[in-house]
Amino acid sequence: MATELIIWLIPLPPLLAFFIITLLTTRSKALSHTIAVGAALLSWLGSMVVFFRAIQVEHFGEHPFVSSIPWLATGDTYFRIGVQIDPLSAASLFFVAWTVLMIFIYSVGYHNYGQPEGDHDLPGLPPHGATVKDAHGHEHRVLSVEPMYSRFFAFIGLFAFGMYTLVVSDNLLTLFVGWEIMGLCSYLLIGFWYGKPSARAAMIKAFLTTRVGDVFMLLGLAYLYSQTGTLNYREIFYNAETLHMLAEHSSGFLGLSAAALIGILLFIGTVGKSAQFPLHVWLPDAMEGPTPVSAMIHAATMVSAGVYMVIRIFPLLSAGAEHAATPAMLVMSIIGAFTALFAATIAVAQDDIKRVLAYSTISQLGYMVAALGIGAYVAAAFHLITHAFFKALLFLGSGSVIHGMEHGVLHTGNHSVDPQNMKNMGGLRHKMPITFWTFLVGGFALSGFPLVTAGFWSKDEILADAWGHGHYVVFGTLALAALLTAFYTMRQITMTFLGEPRTEEAKHAHETPWTMTFPLVVLAVFAVGAGWVGIPEHFPVIGGLVPNWFHEFVGGTLLEHPEAVEFNIIPLLTSLVVALGGLYAGWLAYRNYSQSRVDAAEKALGGLYHLPRHKYYFDELYDRIFIKPAIWLAESFTSAWMDRGVIDGFLHWVAYITGRIGNFFRDAIDKPIVNGLADKLADTMKWLGRVFPPVIQTGRVQQYMIMALVSLAAFSALFYYLLVMTP
Amino acid sequence: MNFLLYPLTMVTFFPLLGVLVLLFLKPEQKNAARWTALITSLITFGISIAVLAQFDRTNPDLQLVINLPWIQVAGWNIAFHMGVDGLSILLVLLTTFLTPISILSTWTAVEDRVKDFMLFFLLLEVGMVGVFVSLDLFLFYIFWEFTLVPMYFLIGIWGGPNRMYAAIKFFLYTMAGSILMLLAVLWLGIQGGTFSVPELVAQDNIPANLQTWLFLAFAAAFAIKVPMWPLHSWLPDAHVEAPTAGSVILAGVLLKMGTYGFLRFNLPLFPQAAVQLAPLMGVLAVIGIIYGAAVSYAQQDVKKLVAYSSVSHLGFVMLGLFALNPQGIQGGILQMINHGLSTGALFLIVGMIYERRHTRDMDAFGGLWKIMPVYGALTLIVTLSSMGLPGLNGFVGEFTILLGAWEAGQVGGPFGSYWYAGLAAIGVILAAVYMLYMFQKVFLGPVDKDENRSLKDLNWREIVTLAPLLVFIFWIGLYPRPFFELMAPSVDKLVQILQTAALAIR
């Protein structure tokens, strides 16, 4: 089959799965998940075919796979939409296909396929467990199947469609379409258990916060289009003339060039989608969704989409940056580096196993954004891909842990124990060995454990780039964030898996079924292996053994192939020290952790601990300065005062005045004068009628005859005068 | 009689045949009345499709023109002059498309005086189509005023508890604006020696300062109809009190008569005034966008929420039209259609739940998705379409308008500032806010009201009522090209007039 055709077809199976499941197979769980996983498998297959064809093409960046059709009329030209696979999208397609497929398979086990229906389960609430009798008549509490099982697979199908659409697009408009479809799916899936008030709040928060970013992005698209007349990647980002024009043209706004203003507007879209400061608040709350959704949002799709987009528009962001960083890049490096550190500090103070990972995602995305900000194009893309693998692994691993803990909770029947709180865990390595080993791999990759893990190579490249180009502040910030990352990761691993079980529930935890552990193993392979494609050429000893394929391949997306940064020992030493040091410190501080002891971080930070613990109170702050005033503005000011008060008040006043004028006319003119005259006339007539009859109506015929005669004579005279006498 | 066989007279006056049949029915023959109206409106729709088939989409000029002398006294040249072009063809189709849907929605909702209801409804259709195809100012004015009468009765007889207030407010408010327009129409007709719009446009000899006054006189009528802020306050009352079908037509078509008026009369007849007043109209449009959205959020009554959202959406349309460039105007026209489809569907949806529960208070619901899954899913799609989710119709319109508004914001453009597009974009965020809160309050969460537990999901008739709207919501969202193609040549022609005028000013 022609490669272009396959690319067109890649997003379709999950979309079809969505429609088939919602319209036809909602009643059959087995059929629904077979269709969904089958669809993911087809898309995966297509992606792999395209990927392997792509890497065989020489100078693929110059000759990508493209195909397009006319779609939207804008003025006198048609907007064309189409697909394009160039090195960047081929690499993205690779990680998206793998993570999506693994998440789909995992979901089967996570939603307890094959388990009995729950005793009191309701759609819109997580399953509460079922009671079964064994052969001896003993009653057991076991996990129960998700009541809206089929709906879940329909929604993640749509989600995958959104991401595939985004990746295969050849222009920013269809990218935006996929982007918003994912926004919708995150809304639906974060609020999948919409019976919970917290889930309802989180779903709206996620959608609205990202939409704030989206609107700026939309404006950026409008501006870009009005300047260039196209939104096609190649016509803008692979076209030196256009880029030069945009960089030279002044936007008339704060002295920015058109390229800078467009870049910043588009970047705000990423700030929302990839949860960068200050729009990061939605991502931790998004943990309300089922865990496969968290993995979907955090690794495979949504937040990766934000970073993918800025990588995609990098030529625009860096347009005109021959000597100094452009304003857009400066903004990115500041926001990215700050977010990386800021979120890492919060992660240290969280107890919920998924929330730690959520803040770690924000922090790692900050890494990528900062990397782009300092111009480390390939490194940012590299970290995007390795991060997707190990973060998907970590999320799915944490879901497996929660699942195991829920098993314990059902066993003891003590529902006050939160199966997500790491304080209640401990010693799970014996109960859940596969989960433990894979989680360890993922955690070490996140921490950047030297040489073996993928995270090391991608993170190291960012640090090397920052050092090599003299961005020492960014370098320092990111190194510190890396230290904290290693620390909280080891804290998490220690509290969850090491030591002794701290609760009865943890003692009765259970390894999860193969549908959940199989994806963990596959992802663990990538969490290690994905790094080996990008080993710098001049790395001591092993450098050059494997060619730095990733740099060569993805670098080809740009018009000018980016130079690989020269090797320097300082960033290497730094990344070794922060990774190993952080891991060791985390183990040291938490190896003897028990519920009765104060958290080591709390002890160390003292009075400041409550700041990261409460996420620096950003939720409360936003509530005060944005949400409450906005509600007041809508309800009290605009609706009650302005609309009902002023505008309608004015109308009613006009009506009242008109009424008063009418009454005045009636009382002052109508009644006394007009009516008065008429009444007077009537009265006179009446009076005449009373007075005259006795005189003329005598009843005598002769008198009547005389009166008739006289009248006749009088009228005749009058007519004669009028008609004959007057000319 | 020959003139009745022209396509455009057919599509305009065919509903009168249904009216004639209805007159012979007895009041208790309710179903007969319903079927008569439905079949009549379906045939009318069929005729409008025939009109579309004869329409040449590459031709920018008026087509299928009928021009017969009508009233010719004392130098007044009033003609029976009709025609369609890219600016009006879609609106004609929208009207004939929404009418049968509205009639179908009344099947069980209207039980009282069915015959009279259908009679007024068909008369209303005559007026609406007439407005969109008239090319003679006088004829236009007659149709324009004529639509008021059936709508007045629809609200006043079949409306809610406060219907008289709403009906009178609607009537007087619209009337008041029309008077100024009538003066301008008379001035134009006498001064120019013809009431024919294309001829007046061709004359192009109105001095700039007079243009401004005439523009404002016409704008008074149209701005009230749209409605533009701050002349909108009749709308929520009329909507809340009107029966469902009335609301659908009111939002779907009657409001478009206002925006269409700007497009057909204000822009080509007074192009210099349009260029000069574009910033003013843009500011009012942007205020309307944000204001309507803010007030929507504050509503408890779902129908009122939808009504105020119209103020916001129509603000988008006006912003697009007064961007005075191809993108803006095409987006504006498409958004008129989109608003008719999405808001029409929303009013149908509100009507369906009102028929079941006899309340529209959001607090009376909760968790409906569990009880009525089909209803919930369809509502979600329409909600998303209304808030402009890509892949559905609203996005295409909003995005094209934003493109136009941004372009108009460049130095030397009609707006001259990016703030117009920038602030309008806030409306996109706010639309998501009030729509999602509505969806959350009504459809998500626990079912905590016992009255809601036994609600029945949609029946086949209701699904059939909504289905055609959904088809177009997806069609326009996924492949809008055919719709743009219909309007593009005529819009380009209009933009040329405006550009010439803009050059003349400088």
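As the structure is a prediction and not an experimental result, all values here were calculated from the model.

With that out of the way, let us pick up the overall build of chain B. On a plain count of helices and strands, chain B comes out with 21 helices and two strands. Relative to the globule expectation of 23 Å for 506 residues, the C-alpha radius of gyration of chain B, 22 Å, shows essentially globular dimensions. Reported as C-alpha extents along the three principal axes, the dimensions of chain B are approximately 70 × 55 × 40 Å. Going through the 506 residues of chain B one by one, you find that 67% of them count as buried. Excluding contacts between residues fewer than 6 apart, the proportion of contacts in chain B whose partners are at least 24 apart in sequence is 80%. Accessible area of chain B: about 15800 Å², with a carbon and sulfur share of 68%. Taken together, the 25 basic and 27 acidic charged side chains of chain B have centroids lying 6 Å from each other.

Going through the model one piece at a time under the given rule, you end up with 80 aromatic pairs over all chains. Between Tyr584 of chain A and Trp587 of chain A, the ring centres sit 6.3 Å apart and the planes meet at 35°, which makes this aromatic pair tilted. Placement of the pair is Tyr584 of chain A and Trp587 of chain A together in helix H25 (residues 569–590), with a separation of three residues, close to one helical turn. Relative accessible area serves as the criterion here: at 32%, Trp587 of chain A is assigned to the partly exposed category. Taking the centre distance of 5.2 Å and the plane angle of 75° together, the rings of Trp475 of chain B and Phe483 of chain B count as edge-to-face. The class of Trp475 of chain B is partly exposed, set by a relative accessible area of 38%. Taking relative accessible area as the criterion, Phe483 of chain B reaches 8% and is therefore assigned buried. Put simply, the rings of Phe140, Trp144, Phe215, Phe218, Phe222, Phe262, Phe265, Phe270 and Phe322 of chain B touch in pairs and so form one group of aromatic residues. One Lys or Arg, Lys459 of chain A, reaches over the ring of Tyr367 of chain A and ends 5.4 Å from the middle of that ring.

This next bit is on the packing of helix H5 (residues 137–146) of chain B against helix H9 (residues 208–225) of chain B. All names here are of chain B. Close contact between H5 and H9 brings their axes to 14 Å; oriented N to C, the two are set at 35°. Seen along the crossing, H5 lies across H9 with a hand that is left-handed. Of the residues in H9, those touching H5 at Leu137, Phe140 and Trp144 are Phe218, Ala221, Phe222 and Lys225.

Remember that side chains alternate between the two faces of the sheet whenever the strand is regular. Residue and element names in this part refer to chain A. With four bridges joining them, strand E3 (residues 130–133) and strand E4 (residues 139–142) adopt antiparallel strand pairing. If you follow Lys133 over to E4, its bridge partner there is Glu139. The hairpin turn running from E3 into E4, its antiparallel successor, is five residues long, and Gly137 in that turn takes a positive phi close to 85°.

Here the focus is the side chain of Thr99 of chain A. All names here are of chain A. Along the polypeptide, Thr99 turns up in helix H4 (residues 87–110). A polar atom in the side chain of Thr99 sits 2.6 Å from the backbone oxygen of Phe95. Only 3.2 Å separates the side chain of Thr99 from the backbone oxygen of Val96, close enough to count as a polar contact.

Attention now goes to a nonpolar patch on the surface. Taken together, the side chains of Phe715, Leu718, Phe719, Tyr720, Tyr721, Leu722, Leu723, Val724 and Met725 of chain A present a nonpolar region at the surface, about 1000 Å² in accessible area. For Tyr720 of chain A, the location among the structural elements is in helix H30 (residues 701–725).

With that out of the way, let us pick up empty space enclosed by the protein. Residues and elements named next belong to chain A. One pass over the full model with this rule turns up nine cavities of 30 Å³ or more. Lining of the largest cavity is provided by 13 residues; of these, Asp86, Phe237, Tyr238, Arg312 and Thr557 occupy positions nearest its centre. It is helix H8 (residues 233–237) that contributes the most residues to the lining of the largest cavity, three residues altogether. Classifying every residue of the lining of the largest cavity by side-chain character gives eight nonpolar, two polar and three charged.

This part is about the side chain of Thr386 of chain A. Residues and elements named next belong to chain A. With respect to the element layout, Thr386 can be found in helix H17 (residues 377–412). Look at Thr386 and you get buried, because its relative accessible area is 1%. The contact partners of Thr386, leaving out residues within four places of it in the chain, are Ala454, Ser458 and Ala530.

In this structure the tally under the stated criterion is 20 salt bridges over all chains. A salt bridge links Lys29 of chain A to Glu117 of chain A, with the nearest nitrogen and oxygen atoms 3.5 Å apart. With a gap of 88 residues between them, Lys29 of chain A in helix H3 (residues 29–56) and Glu117 of chain A in the loop between H4 and E3 connect regions that are remote in the sequence. Relative accessible area serves as the criterion here: at 56%, Glu117 of chain A is assigned to the exposed category. A salt bridge links Arg264 of chain B to Asp85 of chain B, with the shortest nitrogen-to-oxygen separation between them at 2.7 Å. Taken together, the residues span a long stretch of sequence, with Arg264 of chain B in helix H11 (residues 244–269) and Asp85 of chain B in the loop between strand E2 (78–84) and helix H3 (89–105) at a distance of 179 residues.

Here we take up helix H10 (residues 258–273) of chain A. Residues and elements named next belong to chain A. In this model H10 runs 23 Å from its N-terminal to its C-terminal C-alpha over 16 residues, within 8% of the 22 Å that 1.5 Å per residue would give. Among the 16 residues that make up H10, 15 are buried, leaving the element largely enclosed by the rest of the structure. Of the residues flanking the end of H10, it is Ala275, one or two places downstream, whose phi is positive at about 55°.

The subject of this paragraph is the domain arrangement of chain A. Annotation of chain A at the domain level lists domain 1 (392–608), domain 2 (614–689) and domain 3 (692–727). Taking only C-alpha atoms into account, the centre of domain 2 of chain A sits 61 Å from that of domain 3 of chain A.

Listed per partner, the contact involves 63 residues of chain B and 54 residues of chain A. Buried surface at the junction of chain B and chain A, summed over both partners, amounts to about 5000 Å²; 71% is from carbon and sulfur atoms. Counting across the chain B and chain A interface gives one salt bridge. The partner of Asp648 of chain A in a salt bridge is Lys169 of chain B, with the nearest N and O atoms 2.9 Å apart. Remark: the boundary between chain B and chain A carries six residue pairs in polar contact (both at pLDDT 80 or more). Take the side of chain B that touches chain A: its biggest share by element is 13 residues, from helix H18 (residues 419–443) of chain B.

Reading guide: rules and limits
Residues numbered from 1 in each chain as written. Chains lettered and ligands numbered in written order. Predicted model: local features only at pLDDT ≥ 70, side-chain atom pairs only at ≥ 80, totals over all residues. Heavy atoms only, no water. Helix = DSSP H or I, 4+ residues; strand = E, 2+ residues; numbered from the N terminus. Rg over C-alpha atoms; globule rule 2.2 N^0.38 Å. Buried < 20%, exposed > 50% of the residue type's maximum accessible area, 1.4 Å probe, protein only. Contact = heavy atoms within 4.5 Å. Areas by Shrake-Rupley, 256 points an atom, 1.4 Å probe, with all protein chains shown as cover. Lys, Arg positive; Asp, Glu negative; His and termini not counted. Charge placed at Lys NZ, Arg CZ, Asp CG, Glu CD. Phe/Tyr/Trp six-rings, centres within 6.5 Å; stacked < 30°, edge-to-face > 60°. Lys NZ or Arg CZ within 6 Å of the ring centre and 35° of its normal. Axes fitted to C-alpha atoms, helices over the stretch in contact; angles between N-to-C directions. Left-handed = near helix turned anticlockwise from the far one by under 90°. Pairing = 2+ DSSP bridges. Polar contact = N/O pair within 3.5 Å; in protein donor to acceptor, adjacent residues only side chain to side chain. Patch = residues over 30% accessible without salt bridge, like charges linked within 9 Å, V, L, I, M, F, W, Y side chains within 5 Å. Salt bridge = Lys/Arg side-chain N within 4 Å of Asp/Glu carboxyl O. 1 Å grid on protein atoms, 1.4 Å probe; cavity = no way out; pocket = protein on both sides within 12 Å on 5 of 7 lines; lining within 4 Å. Points joined across faces, edges and corners; volume = space filled by probe spheres on them. Nonpolar A, V, L, I, M, F, W, Y, C, P; charged D, E, K, R; others polar. Expected span 1.5 Å × (residues − 1). Domains from an automatic or database assignment. Buried area = accessible area lost by both parts, 1.4 Å probe.

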